[in-house]
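Examining the three-dimensional arrangement
Residue strings, one per chain:
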Amino acid sequence: MAEVCEKMNPLQGLSKAHPGFSFDDIVEIWHGRRTPLILGAFILLVAIRIYIHKIEQPEPLKALPKEIQKKFVPTHTNNKEADIAIVEKSSARPNGPRRIKGGITKKSAVEDRDQHEKSRPLKVLVFFSSVTTKTEKMALQYLSTLEKSAARLSQDTGRQILKPELHDLAEIDFEDFFVSPAKSVEGAYLFYLFLLPSYNIDTINDTLLQHLEETHHDFRIDTAPLASLLGYSVFGFGDKEGWPDEAEGYCFQAKELDKWMSKLTARKRAYPVGMGDMKGDHVERFEEWASGILEVIAHVARSGCLGEGVSGSGDAVESDVEDLAEEDDGEVLFEDDASNEEKESSRPLDDVEDLGRMLRTSDKKETTSGRKAPLAVDFTSYGSSTKKRTQTAPVIKEMVAKNSPTYAALTKQGYSIVGSHSGVKICRWTKSALRGRGSCYKYSLYGINSHQCMETTPSLSCSNKCVFCWRHGTNPVGTTWRWVVDPPEMIFEGVKEGHYKKIKMLRGVPGVRAERYAEALKIRHCALSLVGEPIFYPYINEFLAMLHAERISSFLVCNAQHPDQLAALKAVTQLYVSIDASNKDSLRKIDRPLHRDFWERFQRCLDILREKRFRHRTVFRLTLVKGFNVEDEAEGYAQLVERGLPCFVEVKGVTYCGTSTSSNAGLSMSNVPFYWEVCEFVKALEKRLKDKGLKYGIAAEHAHSCCILLASERFLVDGKWHTHIDYKRFFELLEERGADGDWTPEDYMGEPTPEWALWGNGGFDPRDDRVDRKGRKIENVVVREAPPPESW
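Conventions used here
Sequence positions are assigned chain by chain, starting from 1 and proceeding in written order. Local features are withheld for residues below a pLDDT of 70 in this predicted model, meaning they are given only at 70 or higher, and side-chain atom pairs are given and counted only at 80 or more; totals for whole chains, interfaces and linings count all residues. Values shown for side chains rest on all heavy atoms present in the structure; no hydrogens or waters enter the calculation. In DSSP terms, a helix is any run of H or I states spanning at least four residues, a strand is any run of E spanning at least two, and both are numbered starting from the N terminus. Classification of residues uses two cut-offs on accessible area relative to the type maximum, computed with a 1.4 Å probe and protein chains only: under 20% is buried, over 50% is exposed, and between them is partly exposed. Residue contacts follow a heavy-atom distance rule, with two residues in contact if any of their heavy atoms lie within 4.5 Å. Put simply, a salt bridge is a Lys or Arg side-chain nitrogen that is within 4 Å of an Asp or Glu carboxyl oxygen. To estimate how far a helix should reach, multiply one less than its number of residues by 1.5 Å. Pairing between strands is defined by DSSP: at least two bridges between them are needed. Residues enter a nonpolar core if they are buried and are Ala, Val, Leu, Ile, Met, Phe, Trp, Tyr or Cys, with the set joined through side-chain atoms within 4.5 Å. Only the contacting stretch of a helix is used when fitting its axis, a line to C-alpha atoms as for every element, and angles between N-to-C directions run 0 to 180 degrees. Across the chain, each position has a pLDDT score giving the predictor's confidence in that residue, from 0 to 100. In this description, one arc is meant: the one made by directions from the helix axis to the C-beta atoms. For patch detection, residues must exceed 30% relative accessible area and be free of salt bridges, and they are connected within 9 Å for like charges or within 5 Å for nonpolar side chains (Val, Leu, Ile, Met, Phe, Trp, Tyr). The method behind every accessible area is Shrake-Rupley, applied with a 1.4 Å probe, and residues are considered shielded solely by the protein chains displayed. Throughout, the term roughly parallel applies to angles under 35 degrees, roughly antiparallel to angles over 145, roughly perpendicular to angles from 65 to 115, and oblique to all others. What makes a crossing left-handed is the near helix being turned counterclockwise from the far one by less than a right angle; a clockwise turn instead makes it right-handed. Polar contacts, as used here, are pairs of N or O atoms within 3.5 Å; protein pairs need one atom able to donate a hydrogen and one able to accept it. Residues neighboring in sequence count only if both atoms are side-chain atoms. Look down the strands so they point away from you; if the path from the first strand over the helix to the second goes clockwise, the crossover is right-handed. Two rings belonging to Phe, Tyr or Trp (six-membered ring only in the last case) form a pair when the distance between their centres is within 6.5 Å. Interplanar angles under 30 degrees mark stacking, angles over 60 mark edge-to-face geometry, and anything in between is tilted. By definition here, charges over rings are those cases where NZ of Lys or CZ of Arg is within 6 Å of the ring centre and within 35 degrees of the ring normal.

With respect to the element layout, histidine 562 can be found in the loop between β11 (553-558) and α22 (563-567). Histidine 562 gets classed as buried once you look at its relative accessible area, which sits at 4%. Each residue touching histidine 562, except ones within four places of it in the same chain, is listed here: Ser463, Thr479, Glu533, Ile535, Phe536, His595, Arg601 and Cys605.

Below is the structure:
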């Protein structure tokens, strides 16, 4: 046992070998001198490492390709040692195995464009499958058309576009085309197009789809092996008679092919999936798709990429998650859940109304932050104090200057600022309609295609600060126009350009329907209700005339605070006035107007609307905010309707939309009424109107928007509601009789409101499917009655 212990403890064995040198002496030396011993050992190791590093021979300098030299070697320096060092660094390779990082490296459109060699030609490869030879005939005809177009595009763009090739999927080896891009003798960039009929029998389509799926899941192959393609697009041929609907099978293989190609190309969908019914509209749909493809190829030839933006640019979002914080159509509610400090620090712009409050708290803030609070400014244009202030001529500035916090805030929210005081933005309902997921209430109630609607305003400024406004503190406010005035021609062209640019950025989004995308490139309606007060713009009539000259209908929304401008307004397709409260106190709390005589202005606007009811389609827009204007206010609203006698009364629940940067709105999700509460309010309002002898009835609804329409019986013909508009007739009346001509809203009343849009039927677009946030189809369930108390 002693021998074993001696082996386990060599120091103890050493003490036995030298009787005068005990184990305890060794331990005592260690405890007394361990610090210098450890330090000495560390110094020795460092010295050895330095010696080894000096005797190592550096690798000889290797020649690099010109592309890498251009990337790493600076051409503007005369320091040769620095140049050599950069080249050595770039040529160095680790001795060990490469570390493989998972995931897809996303490239922006700008990076794709910078890496694109414009000296290389472009080439289009068209793939097709055919069982009955119908698709083959169309493919051959399309190839002939594409050849002529390629020659013309080469001349127009100055870029060589080679003769396109046609490939039958049944006669090619998939490995040559879909594991990596096809080999081009000319070294051209490739563009893939597919013409694919869908069959419910075993065909080459199934083999292709299986191959693409296996390629995507094969760990030996790059995640996006076809990413070097310029882009791809698919057109599907199908038969609607043989399928219940599109989701259940119509062109299902074309949509499946589009999905896998999107994954293999790193989302380079150049154009939405086209779909044509072989027994119906396939010729028209194919021509739309082919025209869009030519536009994309021309853009790629000029710029080197599919385009800037989220979708269709090589950086498309392949998620079906809907926009969670998008505005609805004007009445959006935010919930304040950030701390006061976060709101103070993140707020880009302070509202005029809040400046006084800031002054009262400025003493503490100046001592803590060193900043001075802004001066309180009153922009109202009446009273003796105003005369004193206006003795000095004001400096005329831009409403939204490009270097201002307002510009930064609005552009961050997705606005395109036009000139110095106008803006345009894509509504979430436009995106939804493009994907076949439902249109907004304007389609249900008035027959307006959401994907052909442009939402804009010629004035980002407003004279109210409504508690439910979706842009708390980010748009300018004031009671008089004190800014530079942009000409209406510039605004009109600018908003159209901005709108079309945003639409084109959606062409690569999954689910966008090709036919609706093509329609969206033709604006047919303009909603002047984005943010701010459109009627505030001095040349609003000239702007409206430009819209109507291009047969673009107009819905103008105003806040009933500018009676003079309202009285001078000429022809509008439909004129809205926001009626957010039934009495003076509620209006002050909800709209928070800047005008001191806001109630008198409000009442004057109602009187003007009463006079205009036989010249315009007039609408009262009631936005219900629970806890503010829902409870016991039906009588007050009925009195306002009696005063203004509008053609229609829209009642809409306020929409919840995330968080707010405003700390004093005092609203939460509890202020959003349930749809059944809106229904009860509308029923009560209808009853009060009938009690007053006013002929109004509940005509239509759009439950998805929590919106219900009360209509005057002027639009009840032979027992049927006619809330839709005959837009063609409206423009004919304008051309025949002019904006000041003698004609009435009944003269351009449309066909009867469709059955699905009438009160009691929900109002969801029957052409579309409602889906959840995962893109799964869900049923439309409308609750119009209060649930039993035990379910609360």
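Past the structure itself, the notes keep going.
Within the structure shown, the criterion is met by 33 salt bridges. Lysine 496 is paired through a salt bridge with glutamate 493; the nearest N and O atoms lie 3.8 Å apart. Separated by three residues within a single helix, lysine 496 and glutamate 493 lie in helix α19 (residues 488-504), roughly one turn from each other. For lysine 496, a relative accessible area of 12% gives the class buried. For glutamate 493, a relative accessible area of 46% gives the class partly exposed.

Look at α19: 24 Å from first C-alpha to last across 17 residues, which is about the 24 Å you get at 1.5 Å a residue. Buried residues in α19 make contact with β7 (416-418), β8 (422-425), α17 (428-434), β9 (453-457), α20 (514-520) and α21 (540-549).

This part takes up the side chain of serine 461. One can find serine 461 in the loop between β9 and α19. For serine 461, a relative accessible area of 0% translates into the label buried. Contact partners of serine 461, with chain neighbours within four places excluded, come to Met399, Pro476, Val477, Gly478, Trp483, Gly532, Glu533 and Phe536.

Before going further, it helps to examine the pairing of strand β13 (residues 618-624). Within β13, seven of the seven residues are buried, leaving the element largely enclosed by the surrounding structure. Where burial is concerned, the two faces of β13 agree: the one with Thr618, Phe620, Leu622 and Leu624 and the one with Val619, Arg621 and Thr623 are both buried. Examined bridge by bridge, β13 and strand β14 (residues 648-653) share six bridges and lie parallel to one another. Its bridge partner being in β14, valine 619 is matched across the sheet by phenylalanine 648.

To continue, consider the nonpolar core. Residues Leu547, Leu556, Ile579, Phe620, Leu622, Val651 and Leu685 are the most contacted members of the largest nonpolar core, which totals 73 residues. Not counting residues up to four positions away in its chain, the partners in contact with phenylalanine 620 are Val577, Ile579, Leu606, Leu609, Leu640, Val641, Gly644, Pro646, Phe648, Val649 and Glu650. Listed in part, the 40 residues of the second largest apolar core include Phe128, Phe286, Ala290 and Ile297.

A few words now on the sheet that holds strand β3 (residues 189-197). Sheet strands line up and pair through hydrogen bonds in the backbone, either parallel or antiparallel. In space, the five strands of this open sheet follow the order β2-β1-β3-β4-β5, with parallel pairing throughout. One side of each edge strand has no neighbouring strand; the edge strands of this open sheet are β2 (165-168) and β5 (274-277). Within this sheet the neighbouring strands show an average axis-to-axis angle of 20 degrees, counted without direction. The pairing of strand β1 (residues 122-128) with β3 spans seven bridges and is classified as parallel. Paired with phenylalanine 128 across the strands is leucine 195, a residue of β3.

Once that is clear, we can look at the confidence of the model for the protein. For the protein, the mean per-residue pLDDT works out to 78, and 74% of the residues sit at or above 70. Here residues 659-664 scores under 50 on pLDDT; set against residues more than four positions off or in separate chains, the count is 18 contacts.

The next thing to look at is unusual backbone geometry. If you check the backbone angles, arginine 551 has positive phi at about 55 degrees while not being a glycine. For leucine 645, which is not a glycine, the phi torsion comes out positive at approximately 45 degrees. With respect to the secondary-structure elements, leucine 645 resides in the loop between α25 (634-644) and β14. In this structure leucine 645 comes out as buried when scored by relative accessible area, which is 17%.

Within the span of helix α16 (residues 405-412), buried status applies to Thr406, Ala409 and Leu410. Buried residues in α16, looked at end-on, bunch into an arc of 95 degrees, giving them a common side. Where α16 is buried, its residues contact β7. Positive phi appears at glycine 414, one or two residues downstream of α16, with a value of about 105 degrees.

Turning our attention to the sheet that holds β7. One open sheet holds the 10 strands; their spatial order is β7-β8-β9-β10-β11-β12-β13-β14-β17-β16, and the pairing between them is mixed. Sheet topology places β7 and β16 (696-702) at the edges, where each strand pairs with a single neighbour. Strand-to-strand twist across the sheet, computed as the mean angle between neighbouring axes with direction ignored, equals 25 degrees. Where strand β10 (residues 525-528) meets β11, four bridges bridge the pair, whose relative direction is parallel. In the strand pairing of β11, leucine 528 is matched with leucine 556. Packing against the sheet, α19 makes contact with β7, β8 and β9, and its axis sits at approximately 20 degrees to β8.

A word on a nonpolar patch on the surface. On the surface, Leu44, Leu45, Ile48, Tyr51, Ile52 and Ile55 cluster together to form a nonpolar patch covering roughly 620 Å² of accessible area. Classification of tyrosine 51 as exposed rests on a relative accessible area of 55%.

So, on to the packing of α19 against α21. Between α19 and α21, the shortest axis-to-axis distance is 9 Å and the interhelical angle comes to 45 degrees. The angle between the axes of α19 and α21 places the two elements in the oblique class. In this structure, α19 meets α21 at a crossing whose hand is right-handed. Residues Pro488, Glu489, Ile491, Phe492 and Val495 of α19 form the contact with α21, whose own contacting residues are Glu542, Phe543, Met546 and Leu547.

Tracing the sequence through the fold places tyrosine 446 in helix α18 (residues 441-446). Residue classification places tyrosine 446 among the buried positions, given a relative accessible area of 0%. Through-space distance from the C-alpha of tyrosine 446 to that of glutamine 574 is 10.0 Å; in sequence the pair is 128 residues apart. Beyond its immediate chain neighbours, meaning those up to four positions away, tyrosine 446 contacts Tyr441, Phe555, Gln574, Tyr576, Arg617, Val619, Glu650, Leu709, Thr723, His724, Ile725 and Tyr727. A distance of 2.6 Å separates the side chain of tyrosine 446 from the side chain of glutamate 650, its partner in a polar contact.

What follows covers the pairing of β2. As paired elements, β1 and β2 share four bridges and run parallel to each other. Across the sheet, phenylalanine 127 pairs through a bridge with histidine 167, a residue of β2. Each parallel crossover has a hand, and the one from β1 via helix α7 (residues 134-157) to β2 is right-handed.

Another point: the packing of aromatic side chains. Evaluated as defined, the whole model comprises 35 aromatic pairs. Consider the rings of phenylalanine 178 and tyrosine 192, whose centres lie 6.0 Å apart with planes at 85 degrees: the pair is edge-to-face. On the criterion of sequence distance, the pair formed by phenylalanine 178 in helix α8 (residues 174-178) and tyrosine 192 in strand β3 is long-range, its members being 14 residues apart. When the centroid spacing of 6.1 Å and the interplanar angle of 75 degrees are considered together, the rings of tyrosine 446 and phenylalanine 648 count as edge-to-face. Taken together, the residues tyrosine 446 in helix α18 and phenylalanine 648 in strand β14 connect sequence positions 202 residues apart. Here tyrosine 446 matches phenylalanine 648 in class, with each residue buried. Taken together, the aromatic side chains of Phe127, Phe174, Phe177, Phe178, Tyr192 and Phe194 make up a single cluster linked through ring pairs. Across the ring face of tryptophan 759, the terminal group of arginine 784 is positioned such that the distance to the ring centre comes to 5.7 Å.

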